[in-house]
Every structure is written in structure tokens, then in C-alpha cells.
Amino acid sequence: MHVSSLRLSHFRNYQSMEVGFHPQLNLFLGSNAQGKTNILEALYCLSTTRSFRAAADEEMIQFNQEAGAIEGVLQQEEGQEQIQLELRKEKNKVLLVNGKKQKKLSSLLGRLPAVVFSPDDLFLVKGGPALRRRYLDVTILQMDQGYLGHFQQYERTLKQRNSLLRQKIPNVEAQLVIWDEPLAEHGAALIIKRAEVARRLSEFAGQALKDLTGGAENFEVRYEPQLPLENNEGSLKERMLQALAQARREELARGVTVVGPHRDDLGLWVNGKPLRKFGSQGQQRTGALALKLAQLSLLTEGCHTAPLVLFDDVMAELDEKRQAFFLNRLQQGGQAFLTGTSANDFLAASKNARIFWVEAGQIKMTQEGPVGA
Amino acid sequence: MAEYPPSLERLLHELEKLPGIGPRTAQRLAFHLLKQPMETSRALSSALVDARAKLHPCQDCYNLTEETLCRICTMSTRDKTSILVVEDPSDVVAFERTHEYHGLFHVLGGTLSPLEGRGPQDLTLDALVARVKKNSNLKEIIVATDPTVEGDSTALYIQQLLKGVRIKVTRLARGMPSGGDVEYADESTLLKALEGRREI
């Protein structure tokens, strides 16, 4: 499957544009701040319903406009599918598939898996646990429909529970315990699934790091829950209920839920040392790349179709050997979209790509790329 | 954009406050009403004011009624040994349509939801407990709140409230909808359906 065309209206700096893509390699060239990343962002929205820049929906609507839209055509073996995402100010966005309005935005998840490589990936290593949990959740959500229900209900329960804790009502105990139950039930399901996926990611990430460095460094990704891990959901749920009971006083004092997978982390270890603390800048960057490559491998394995690869301005940061490695990796996978300032960043790959020149919200094809691919 | 005359502006504003009605639907409704004879608008507004003035919660079950007690609570043929607890009066209508439930109802007026500032005192929970204690024939409380996080938690709260009372508290089964397709059911629905399976 690939995205054969994309139409944007009132999206970021695009008033209105339509573009046809190459089924394999697409390069977007241009100076900074012309709208290259916006195209990748739009594609990512079609994949996951949101931005990878952690932007609110409203920020993606063109300045001074009330609404914006992203429309993509997916080319599959069975035929075409049109996906439209309408962004509206102060309202929820609307998803249409083949012109039919969908009840749930989440029905989009997994249809068009995608992995983004961006300079911000470094924060996966250097930043706080929230970013690593997000990385893990986004990976699982694209592969596993069952995760979504637990994920949404956990988030909802957590919000309700925190809201109750903040209200500082006397004798709140009887009201609090009724939220413990769903928190522990869905929390346990999240932990088990995350730990399972982290183990698989660890294998892929270890291999990716070896591929990148050609070296002997041992990279390990571990799900690090605050509660001791159990093998089955039932006993983990029990453990979580106990922990909640024990944390009652602290939670009441602080007005926030302190037990649960919303506080867990994904540990990154190189040769037995935490990468975040002991890695050099270069090692951390390589670690982040390996994590993204692992996500790509896992989604390739776990989804029905090869994920889109969105490569935002990272080529220039890589040395020649790694560039070659990536381009080779891209050619084995699904459709890829790369941004950069000049064709020189892409070595020989630019021969096999469709190339676009992006300037001030206008996009122009300058090379069609190989046909019949 | 052309400005509306003040009275039309006001009408649109009021319509837009209703659930499920955005600016476009409000506009469509307003222009439709304005095309009709005056009598249509008069009938609508008097029906609205009349309903609002006459309807109030039933003293026992909090379903909507024009009397002190609702029709269901006064019917001698109803089975007084069970109470079915629902969120809203519209849920009562849904169960009545089945013609299979012959017991009494209790309308909570929503679910517990700290986010929306709704605590136990905002629901008719005290009244439910009082009813249960007063009615010695009662055998079963069926909790039929929605299968959402809030509905489930409210059910749990009710179960706790009634812990001291020797009465059966049950929760509506959840699982596959009739006419549904096993292949397309999501995992949690299938799981619940499996848990609640019955011998045939």
C-alpha cells in the first residue's frame, strides 16, 4: 500500500495544494521554513490522527482560518481508499473514509502505519519518561487494536480519579475506591502489553545499533514499571490495587494518582549503563536512531502493510556510511518521504526518487522518478 | 458575512445551545420554522413551556411524570421485587420497549463523574438506599448504567452502598450485540462476551 496523492487545504502554510507521490521514494527539497515538514506532519496525521510535533490540532490550521483539511488517497491492491481528516477550531476533528463519516477517529489507527525520524528523536533518550511512554504507546496502538480500549479507559479513569483527588472532599475514600478498580484493571493490561512489546523492541534495537556502529556495543530496551512485573494480568491487577491502598495517604495529600503505568519508564541501557546519563551526545543520537529503526522493524513485522517512513531533515546529520545504510534500509521497506535542503544530502538515492521543490507553501515536482516501480 | 436581525440572532443562539446542533443545523431549523405559519411556532413554544412546567421527577423512582408518582410506580401489575437502576429517563423508555421487564425503575440522573463535578449527592443515590430499606419485598437490584468507565464505577459505588443490605445486586451483561459480527468485534467486547457466556 502507498499514498498516491495528498491534498491539503488551510493546513499550516498551505492554502490549497495537491501533490501526487511516487510509490517508493519522495524527496522534498527547499530552504528552511518553507513547508517541507508540514507535508510529513500531514501524512503522519493520516496515520495516527495527530501531529508528531506534539502540536494541538488548532495549530495545524492555517493562521486566521476556522478549519483545515488533509486528504490522502491510499492505493492498495484491492483498490483506492480516500481518507479525509477535517480539523476545526475549538471542535473535534472529523474523519471520513471514502466520503463516509466515521464514528471513531481511532478507526484510522493501523490502517496506514508510519514511523517518523526527526532531529527531535534525541529527546527520546535525553528527555523525560513521558516521551518514551508515548513512543511505546504509539507503536503498540498501530499494531494492536485491543490495546486502544485499555489505553483510552485507563486515561479516562486516571482523569476522573485525579479530578476527585484534587477536589479535597472530606471522607472521599468511598468515592475513590470505585476508580481504583478500573485503574488497576486497565493499568495491568497496559503494563503487560508494554513489557511484551518492549522485549521485542529490545531485540530489534540491539540489532539496529550493531548495524549502525558495526561495533560490539550491547543495547537493551527495558520496560521499567514502578510495580514489580507479574506474568498474568490478574495478579498484576491485585498488586496494583494493594499499591493504591498503600499510597492512599500520599495521593490524598498530593491530589494526584501516584500508582500506575502513567508513571512508568522505558529504560535504555548500553553495555549495562543508562544511556541517558552515561552516553556521549553521539551515542545518544545513535541510540535514538536505533530506537526508531526498531519501531520500523516491529511495525513492519506486526502490521499488515509496510509502514510509511517519514524522514524529517535527518540525512544531513548522518555520516556517509550511515546515509548509505539508511538508504539501503529504505529501499527494502515501504513508501518513504524525506526532507532536506539540497539533493546532495541524499547521495545516489536522488536518482531513484521523485523530487519536489518546496517554497513558501508552494510545491513543484522537479523530477518524476522511476516509473513502473 | 451578512448580519442577522437581532431576533433571528437570538433564535439561532438558543438553538445552538441544544445537544447535537451546530450553527448549520440551527440555521436550517430556524429558517424552516420561519417559513411555516405562525401557528407552528406557537404550538412548538407552548408544547415546550407546557412540558417543562408539568413534568417533574416521580417521588419514588425519579422518572419523569406529571403526577406525584409515575405511571410505572402506580401500576399494580408491576413486579415490586426488583428495581432496575438507570442513568436517565430515556433509558426507562428503552427498557419499556422490550416489554420483558416488569419490575420497577430508579433513575439516577447520570453517573458519578468528578471531571464534570458530579458526586454522589448529585445523583438520587440516597433515595435509592431509602427505597431499598423501606421495601421489604425487594429481592434484586439490577444496575443498568452504561458500560463506560463512569457507568461501571457508579455501579461499583451502588454495590458498596448496598453492601449491608441482604439483597441481590446484579449488573447488566455485556458482550456481543445481536446482529453483530464476531469477526469485527473489538477485543474487549469479545472478552466480555466470553466471560459472560451461557450454556445452550
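Residues numbered from 1 in each chain as written. Chains lettered and ligands numbered in written order. Predicted model: local features only at pLDDT ≥ 70, side-chain atom pairs only at ≥ 80, totals over all residues. Heavy atoms only, no water.

K.L.:
Before we move on, could you go through the overall build of chain B and cite the residues and values that matter?
P.N.:
Summing up its helical and strand segments, chain B has 8 helices and 6 strands in all. The N-to-C order of helical and strand elements in chain B reads α-α-α-β-β-α-β-α-β-α-β-α-β-α. Along the first, second and third principal axes, the C-alpha set of chain B runs to 65 × 50 × 35 Å. With 200 residues in all, chain B has 33% of them scored as buried. Sequence separation of at least 24 residues holds for 46% of the intrachain contacts in chain B that already meet a minimum separation of 6. Total accessible area on chain B is roughly 13400 Å²; 55% of this is exposed by carbon and sulfur atoms. Positive and negative side-chain charges in chain B, numbering 25 and 28 respectively, have mean positions lying 5 Å apart. (Helix = DSSP H or I, 4+ residues; strand = E, 2+ residues; numbered from the N terminus. Buried < 20%, exposed > 50% of the residue type's maximum accessible area, 1.4 Å probe, protein only. Contact = heavy atoms within 4.5 Å. Areas by Shrake-Rupley, 256 points an atom, 1.4 Å probe, with all protein chains shown as cover. Lys, Arg positive; Asp, Glu negative; His and termini not counted. Charge placed at Lys NZ, Arg CZ, Asp CG, Glu CD.)

K.L.:
With reference to specific residues and values, describe the interface of chain A and chain B.
P.N.:
Each partner contributes residues to the interface: chain A has 19 residues there, and chain B has 16 residues. Summing both sides of the interface, chain A and chain B together bury roughly 1500 Å²; the carbon and sulfur share of this comes to 60%. Looking at the side of chain A facing chain B, the largest losses of area belong to Gln160, Ile178 and Trp179 of chain A, adding up to 33% of the total buried there. At the junction of chain A and chain B, the tally comes to 2 salt bridges. Between Glu185 of chain A and Lys192 of chain B there is a salt bridge, and its shortest N-O distance comes to 3.8 Å. Here chain A and chain B share 8 residue pairs in polar contact (both at pLDDT 80 or more) between them. When residues of the side of chain A that touches chain B are traced back to their parent elements, those giving at least two are helix H5 (145-166) and helix H6 (173-213) of chain A. Residues of the side of chain A that touches chain B, tallied by class, amount to 6 nonpolar, 7 polar and 6 charged. (Buried area = accessible area lost by both parts, 1.4 Å probe. Salt bridge = Lys/Arg side-chain N within 4 Å of Asp/Glu carboxyl O. Polar contact = N/O pair within 3.5 Å; in protein donor to acceptor, adjacent residues only side chain to side chain. Nonpolar A, V, L, I, M, F, W, Y, C, P; charged D, E, K, R; others polar.)

K.L.:
I'd like a rundown of the nonpolar core, residues and numbers included.
P.N.:
Residue and element names in this part refer to chain A. Ranked by internal contacts, the top residues of the largest apolar core, which has 71 residues, are Phe117, Phe219, Met240, Phe311, Met315, Phe326 and Leu338. Top contributing element to this core by residue count: H6, with 15 residues. A domain split of this core shows at least three residues from each of domain 1 (1-113 + 307-373) and domain 2 (120-304). Beyond its immediate sequence surroundings of up to four residues, Met240 is in contact with Tyr154, Leu183, Ala184, Gly187, Ala188, Leu227, Val259, Gly260 and Pro261. (Core = buried A, V, L, I, M, F, W, Y, C linked by side-chain atoms within 4.5 Å. Domains from an automatic or database assignment.)

K.L.:
A description of the pattern of salt bridges should follow, citing residues and the corresponding values.
P.N.:
Residues and elements named next belong to chain A. Considering all chains together, one arrives at 30 salt bridges over all chains under this definition. The salt bridge involving Glu250 is made with Arg254; its shortest N-O contact spans 2.7 Å. Of this pair, Glu250 and Arg254 both sit in helix H8 (residues 248-254), 4 residues apart, which is roughly one turn of that helix. We classify Glu250 as partly exposed; its relative accessible area is 37%. Among the residues examined, Arg254 registers a relative accessible area of 47% and is labelled partly exposed. A cluster of three or more residues bridged by salt bridges with shared partners is formed by Arg161, Glu173, Asp180, Arg248 and Glu251.

K.L.:
Got a sec to walk through the sheet that holds strand S11 (residues 273-274) of chain A? Specific residues and values, please.
P.N.:
All names here are of chain A. Spatial ordering of the open sheet is given by S9-S10-S11, a layout of 3 strands whose pairing is antiparallel. One side of each edge strand has no neighbouring strand; the edge strands of this open sheet are strand S9 (219-224) and S11. In this structure, strand S10 (residues 265-270) lies alongside S11, joined through 2 bridges in antiparallel fashion. In the strand pairing of S11, Trp269 is matched with Pro274. (Pairing = 2+ DSSP bridges.)

K.L.:
Tell me what's going on with the side chain of Ser153 of chain B, and back it up with residues and numbers.
P.N.:
Within the secondary structure, Ser153 of chain B is located in helix H7 (residues 149-161). In this structure Ser153 of chain B comes out as buried when scored by relative accessible area, which is 1%. The contacts of Ser153 of chain B, once residues within four sequence positions are left out, are Ile178, Trp179 and Pro182 of chain A.

K.L.:
Could you give me a rundown of the pairing of strand S12 (residues 308-312) of chain A, with the residues and numbers involved?
P.N.:
The buried fraction of S12 of chain A amounts to 5 of the 5 residues, a majority that puts the element mostly inside the structure. Note on the crossover from S12 of chain A through helix H11 (residues 320-332) of chain A to strand S13 (residues 336-340) of chain A: the handedness is right-handed. (Right-handed = clockwise from strand over helix to strand, strands pointing away.)

K.L.:
Provide a residue-level description of the domain arrangement of chain A, including the pertinent values.
P.N.:
Residues and elements named next belong to chain A. Taken domain by domain, chain A holds domain 1 (1-113 + 307-373) and domain 2 (120-304). The C-alpha centroid of domain 2 is placed 28 Å from the C-alpha centroid of domain 1. Opposite the 19 residues of domain 1 that make contact, domain 2 presents 20 residues. Summing both partners gives a buried area of about 1700 Å² for domain 1 against domain 2, and 62% of it is carried by carbon and sulfur. Contact with domain 2 buries area across many residues of domain 1, yet Leu109, Arg322 and Arg329 alone supply 30% of it, more than any other trio. In this structure, the connection of domain 1 to domain 2 is made through 0 salt bridges. For the pair domain 1 and domain 2, the interface holds 5 residue pairs in polar contact (both at pLDDT 80 or more). When contributions to the side of domain 1 that touches domain 2 are tallied by element, the ones reaching two or more residues are helix H1 (36-48) and H11. A per-element tally of the side of domain 1 that touches domain 2 places H11 first, with 4 residues.

K.L.:
Run through the state of the cysteines, naming residues and quoting values.
P.N.:
Taken as a whole, this structure holds 0 disulfides over all chains when the rule is applied. This cysteine, Cys45 of chain A, is not joined by any disulfide, and Cys303 of chain A carries the nearest cysteine sulfur, 18 Å off. Cys61 of chain B provides the cysteine sulfur closest to Cys70 of chain B, a residue in no disulfide bond, and the two sulfurs are 3.6 Å apart. (Disulfide = S-S within 2.5 Å.)

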